[in-house]
Amino acid sequence: QNQPLNIDVKYALNVCKHFKKHDAQIHVYGILEFYDEAVKLSLKLDKIELAKEYARKPTNEKEQKQLWLLIAKKVMKGKKDDMKAGLQLLGESGVLAIDDILPFVSSQVKLESFKEDICKALDKYGEKIEELKVEMSDYNKNTNKL
């Protein structure tokens, strides 16, 4: 119920580390808003869902993206269906784009089987570019009026 904790959280973190209580350590990192550490430790312990939970926590989109990239690298590394896993992460994260996960795709994957998903992503980029062109045009018109 979001009541303040009556404990020294940093002390609790040290106790968790000392006694190797990794799950508790991850949650304490979250309480301290050390999301990077929470995600990294979760991934080290192969707790992907827990890592995803803490990757969603930061309010800063750039920080969220960095955390999701760590997850993508771990999830896609060495999997035969790594592209499928990567595309699933795109949807889950809300901050990753297709070009973010392409570096993690194995060279043995045939992108042809994901052509439709890639085309959708490229169409979305095209739409965004058109929106930006219209916005730039509007700014130019307003600048000329001044």
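Calculation criteria
Residues numbered from 1 in each chain as written. Predicted model: local features only at pLDDT ≥ 70, side-chain atom pairs only at ≥ 80, totals over all residues. Heavy atoms only, no water. Phe/Tyr/Trp six-rings, centres within 6.5 Å; stacked < 30°, edge-to-face > 60°. Buried < 20%, exposed > 50% of the residue type's maximum accessible area, 1.4 Å probe, protein only. Axes fitted to C-alpha atoms, helices over the stretch in contact; angles between N-to-C directions. Helix = DSSP H or I, 4+ residues; strand = E, 2+ residues; numbered from the N terminus. Parallel < 35°, antiparallel > 145°, perpendicular 65-115°, else oblique. Contact = heavy atoms within 4.5 Å. Nonpolar A, V, L, I, M, F, W, Y, C, P; charged D, E, K, R; others polar. Core = buried A, V, L, I, M, F, W, Y, C linked by side-chain atoms within 4.5 Å. pLDDT = per-residue confidence, 0-100. Salt bridge = Lys/Arg side-chain N within 4 Å of Asp/Glu carboxyl O.

Under the counting rule described, the total for this entry stands at 1 aromatic pair. Relative to F34, the ring of Y29 lies with its centre 6.4 Å away and its plane at 45°, an arrangement referred to as tilted. Classification of Y29 by relative accessible area gives buried; the value is 10%. Judged by relative accessible area, which is 32%, F34 ranks as partly exposed.

Between helix α3 (residues 35-44) and helix α5 (residues 61-76), whose axes approach to 10 Å, the crossing angle comes to 10°. In terms of their interaxial angle, α3 and α5 are classed as roughly parallel. Every residue of α5 that contacts α3 at Y35, D36, V39, K40 and L43 is listed here: E63, L67, L70, I71 and K74. When its residues are assigned to classes, the contact of α3 with α5 shows 6 nonpolar, no polar and 4 charged.

If you look at the biggest cluster of nonpolar residues, it comprises 36 residues, and the most contacted ones within it are V39, I71, M83, I98 and I101. Secondary-structure elements contributing two or more residues to this core are α1 (9-18), α2 (22-31), α3, α4 (48-55), α5, α6 (82-93), α7 (98-101) and α8 (115-145). Broken down by element, this core gets its largest block of residues, 7 residues, from α5. In this structure M83 touches M76, I98, L102, V105, V109, L111, F114 and I118, once residues within four positions along its chain are discounted.

A few words on the confidence of the model for the protein. When pLDDT is averaged along the protein, the result is 89; 93% of the residues meet or exceed 70. The weakest mean pLDDT in the protein belongs to α6 at 84; the strongest belongs to α3 at 98.

So, on to the pattern of salt bridges. Overall, the coordinates contain 9 salt bridges when judged by the stated rule. Note that D36 is salt-bridged to K40, the shortest N-O span being 3.0 Å. Here D36 and its partner K40 are both found in helix α3, 4 residues apart, which amounts to about one turn of the helix. Among the salt bridges present, the one from K52 reaches E92, with a minimum N-O distance of 3.0 Å. Pair noted here: K52 is in helix α4 and E92 is in helix α6, with a separation of 40 residues, a long-range link. Taking relative accessible area as the criterion, K52 reaches 6% and is therefore assigned buried. In this structure, a network of salt bridges that share partners links the residues E49, K52, R56 and E92.

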